[in-house]
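Chain by chain, the residues run as shown.
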Amino acid sequence: MMITTTDPSTGILTDTDIEATDDSQVATIAQTSDAAFRVLREHPRAWRAGLLRALAAGLEANRAELVAIARTETGLVTARLEGELTRSVTQLSMFADVVDEGSYLEATIDHAAQTPMGPGPDMRRMLVPIGPIAVFGSSNFPFAFSVPGGDTASALAAGNSVILKAHGSHPLTSRLAFDALNTAATAYGAPAGTLGIVYGQRAGATLVADPRVAAVGFTGSLATGRILLDIIEKREQPIPFYGELSSLNPLVVTPGAAAARAEAIAEGLFASVNGSAGQLCTKPGIAFVPAGPEGDGLVATIAALGHGAAPQPLLNSRILDAFSDIHGHLLDAPGVREIVASATGAEGFSVGAAVLEVDAADVTPAIAEEAFGPLIVLVRYRDFDEVARALTAVPNSLTATIHAEDDETDAIATLTDLFRDAVGRLVFNGYPTGVRVSWAQHHGGPWPATNSLHTSVGMTAVRRFLRPLAWQNAPQSALPIELQDSEAGIPRRVDGKLYLAS
């Protein structure tokens, strides 16, 4: 079956020369990937760091072509795509630094010694790669969470091979990104199968079921995540599934913040909701605004911005249909008032911003549904008890945001306590869109935001694709260099004491 591509700005569907990957091809790709993994894990860290930097250079060398093709398949503006590609190049280089530095291995040595329980054996432990990783590209990030994205970079940094599932919304972008990476990997001397790619929905399901696949990285809908989890549960040997799935990302504006800077908060909030047509996993979907004049001013500013915003293309027809359905469900909920109606664009899959309002007392789970697109529900509250009650209807999320003044210490403490068990990242006086790639980042949250305790963004994302392995009374020749007595090039904990690299 031939794969098609659609320009969301026009709705025009075009055939490609890409064929869906059949079951036998998936099996061959998985077998080659497994063979590559067994070579990759034997390479030293310096070699692997060099591979990551070569891949970054390969993307950079193809920047113009990548951005141009992604523009036609996503409808995202050039500046957004340029920035996203820079993010992908940068994080490959950052993971190379992580590999060079070595602390991610958690190398630990306990020499043989007398203990209160008697003689203790020599124990050495560190994290090791796990095998071929299946990475599913997401529709809304053709670079940062797709073929050249963070899952790919962190899995390779850990020492694994990677098999990509190209997203159906941008198959040409996926192929071009894969070709750029694979060409760079081959030129560097990486084994065949270090990177592989499959196309088509059936191929993705077949890949997850393949016994050689050791883990899955997925960013997408909760419904598709459940399908993949079901496939994994039926495997003879279940494997980790790292899914980023659904998030409403509540935001609260305190009375003090609304009084001090209503216009600035409204402008920042609307930009966070409307940027990239609201197709961001960290978009605030529900915002709590004080009842009364200060809150009224904030709402009025958001309404004016919404009325003045032009429609933007959504990524595909399925997202458009889902957005329209959820928008309708929200409008049908008791107590919901429409402040800004979502206008439909003249062609393609374009929609305008939608702004809804409801009193806190009327918030129910029916209102707390993620609308993947430029829509926000403004909840008007009179006190934090109303906020607390309303939040019981809001699912766990990736983020929560608090806008408060410095002297509102009680309010900050109350809201922090409300959110700390429900999200993976707390944002103060900012906006959750724009996820920094760094050591301290955590991009995850309790179910249904994710099904994992690990982050999918930042340097510790590498931890998902590693497992602990301990060596007891092993001869030096059987140990990896990082655990040998002569090794001092990485941070290690030796006999309970942490030693930094010399």
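Below, the structure is looked at part by part.

Criteria and thresholds
Residues numbered from 1 in each chain as written. Predicted model: local features only at pLDDT ≥ 70, side-chain atom pairs only at ≥ 80, totals over all residues. Heavy atoms only, no water. Helix = DSSP H or I, 4+ residues; strand = E, 2+ residues; numbered from the N terminus. Expected span 1.5 Å × (residues − 1). Buried < 20%, exposed > 50% of the residue type's maximum accessible area, 1.4 Å probe, protein only. Arc of directions from axis to C-beta. Contact = heavy atoms within 4.5 Å. Axes fitted to C-alpha atoms, helices over the stretch in contact; angles between N-to-C directions. Parallel < 35°, antiparallel > 145°, perpendicular 65-115°, else oblique. Left-handed = near helix turned anticlockwise from the far one by under 90°. Nonpolar A, V, L, I, M, F, W, Y, C, P; charged D, E, K, R; others polar. Salt bridge = Lys/Arg side-chain N within 4 Å of Asp/Glu carboxyl O. Pairing = 2+ DSSP bridges. 1 Å grid on protein atoms, 1.4 Å probe; cavity = no way out; pocket = protein on both sides within 12 Å on 5 of 7 lines; lining within 4 Å. Points joined across faces, edges and corners; volume = space filled by probe spheres on them. Polar contact = N/O pair within 3.5 Å; in protein donor to acceptor, adjacent residues only side chain to side chain. Right-handed = clockwise from strand over helix to strand, strands pointing away.

**Structural notes on helix H3 (residues 63-74)**
Here is step 1: When the terminal C-alpha atoms of H3 are compared, their 16 Å separation across 12 residues agrees well with the 16 Å that a helix rising 1.5 Å per residue should span.
Here is step 2: Those residues of H3 not exposed but buried are Arg63, Leu66, Val67, Ala70, Glu73 and Thr74. Mapping the buried residues of H3 onto a view down its axis gives an arc of 130 degrees, with all of them on the same face.
Here is step 3: Where H3 is buried, its residues touch strand E1 (2-7), helix H2 (45-61), helix H4 (78-101) and helix H6 (171-188).
Here is step 4: With its phi angle positive at about 75 degrees, Gly75 sits one or two positions after the end of H3.

**As for the packing of H3 against H4**
Here is step 1: The N-to-C vectors of H3 and H4 enclose an angle of 130 degrees; their axes lie 10 Å apart at closest approach. Classed by the angle they form, the pair H3 and H4 counts as oblique. In the packing of H3 onto H4, the handedness of the crossing is right-handed. Counting all contacts with H3, which are made through Arg63, Leu66, Val67, Ala70, Arg71 and Thr74, the residues of H4 involved are Thr78, Leu81, Glu82, Leu85 and Thr86.
Here is step 2: Here the contact of H3 with H4 is composed, by residue class, of 5 nonpolar, 3 polar and 3 charged.

**A closer look at the pattern of salt bridges**
Here is step 1: Counted according to the given criterion, the structure contains 24 salt bridges.
Here is step 2: Residue Arg463 is joined to Glu106 by a salt bridge in which the shortest nitrogen-to-oxygen separation is 3.7 Å. Placement of the pair is Arg463 in the loop between strand E20 (423-428) and strand E21 (466-472) and Glu106 in the loop between H4 and strand E3 (108-110), with a sequence separation of 357 residues.
Here is step 3: Since its relative accessible area comes to 24%, Arg463 is described here as partly exposed.
Here is step 4: The exposure class of Glu106 is partly exposed, given its relative accessible area of 35%.
Here is step 5: When the shortest N-O distance is used, the salt bridge between Asp210 and Arg212 registers 3.0 Å.
Here is step 6: On the accessibility criterion, Arg212 (28% relative accessible area) is partly exposed.
Here is step 7: Among the charged side chains, a salt-bridge network with shared partners connects Asp296, Arg337, Glu357, Asp359 and Arg380.

**Description of the sheet that holds strand E23 (residues 497-499)**
Here is step 1: Spatially, E21-E6-E3-E22-E23 is the arrangement adopted by the 5 strands of the open sheet, whose pairing is mixed. The sheet is open, and its two edges are formed by E21 and E23, each paired on a single side. On average, each strand axis in the sheet is inclined to that of its neighbour by 25 degrees, with strand direction left out of account.
Here is step 2: Sheet topology note: the strand E22 (residues 492-494)/E23 ladder contains 3 bridges and is antiparallel. If you follow Arg492 over to E23, its bridge partner there is Tyr499.

**Observations regarding the sheet that holds strand E17 (residues 354-359)**
Here is step 1: Across the sheet, 7 strands lie side by side as E15-E17-E18-E13-E12-E19-E20; this open sheet has mixed pairing. Since the sheet does not close on itself, it has two edges, and those belong to strand E15 (337-340) and E20, each with one partner. For this sheet, the mean inter-axis angle between neighbouring strands, taken without regard to orientation, is 20 degrees.
Here is step 2: Here strand E13 (residues 286-290) runs beside strand E18 (residues 375-381); their pairing, made up of 5 bridges, is parallel. Across the sheet, the residue bridging to Ile286 is Val377, located in E18.

**A look at the layout of surface pockets**
Leftover empty space is mapped by rolling, across the atoms, a probe with the size of a water molecule.
Here is step 1: As a volume, the second largest pocket reaches approximately 560 Å³.
Here is step 2: What lines the second largest pocket is a set of 26 residues, and nearest its centre among them are Arg41, Met126, Val128, Pro129 and Pro480.
Here is step 3: Counting residues per element, the ones that place at least two in the lining of the second largest pocket are H2, strand E6 (123-129) and E21.

**Quick look at helix H12 (residues 384-391)**
Here is step 1: Among the residues of H12, those classed as buried are Phe384, Glu386, Val387, Ala390 and Leu391. Buried positions in H12, seen along its axis, are confined to an arc of 150 degrees and lie on one side of it. Projecting away from the buried face of H12 at angles above 90 degrees are the exposed residues Asp385 and Arg389.
Here is step 2: Those residues of H12 that are buried lie in contact with strand E12 (251-253), helix H9 (255-274), E13, E18 and helix H13 (409-419).
Here is step 3: Between the side-chain oxygen of the N-cap and the backbone nitrogen of Asp385 there are 3.1 Å, and the N-cap of H12 in question is Asp383.

**Re the pairing of strand E19 (residues 397-403)**
Here is step 1: Counting buried positions over the 7 residues of E19 gives 7, a clear majority of the element.
Here is step 2: One ladder, built from 3 bridges, connects E12 with E19; its direction is parallel. Bridge pairing in E19 links Val252 to Ile402.
Here is step 3: As paired elements, E19 and E20 share 5 bridges and run parallel to each other. Across the sheet, the residue bridging to Thr401 is Val427, located in E20.
Here is step 4: The β-α-β motif built from E19, the intervening H13 and the parallel element E20 has right-handed crossover chirality.

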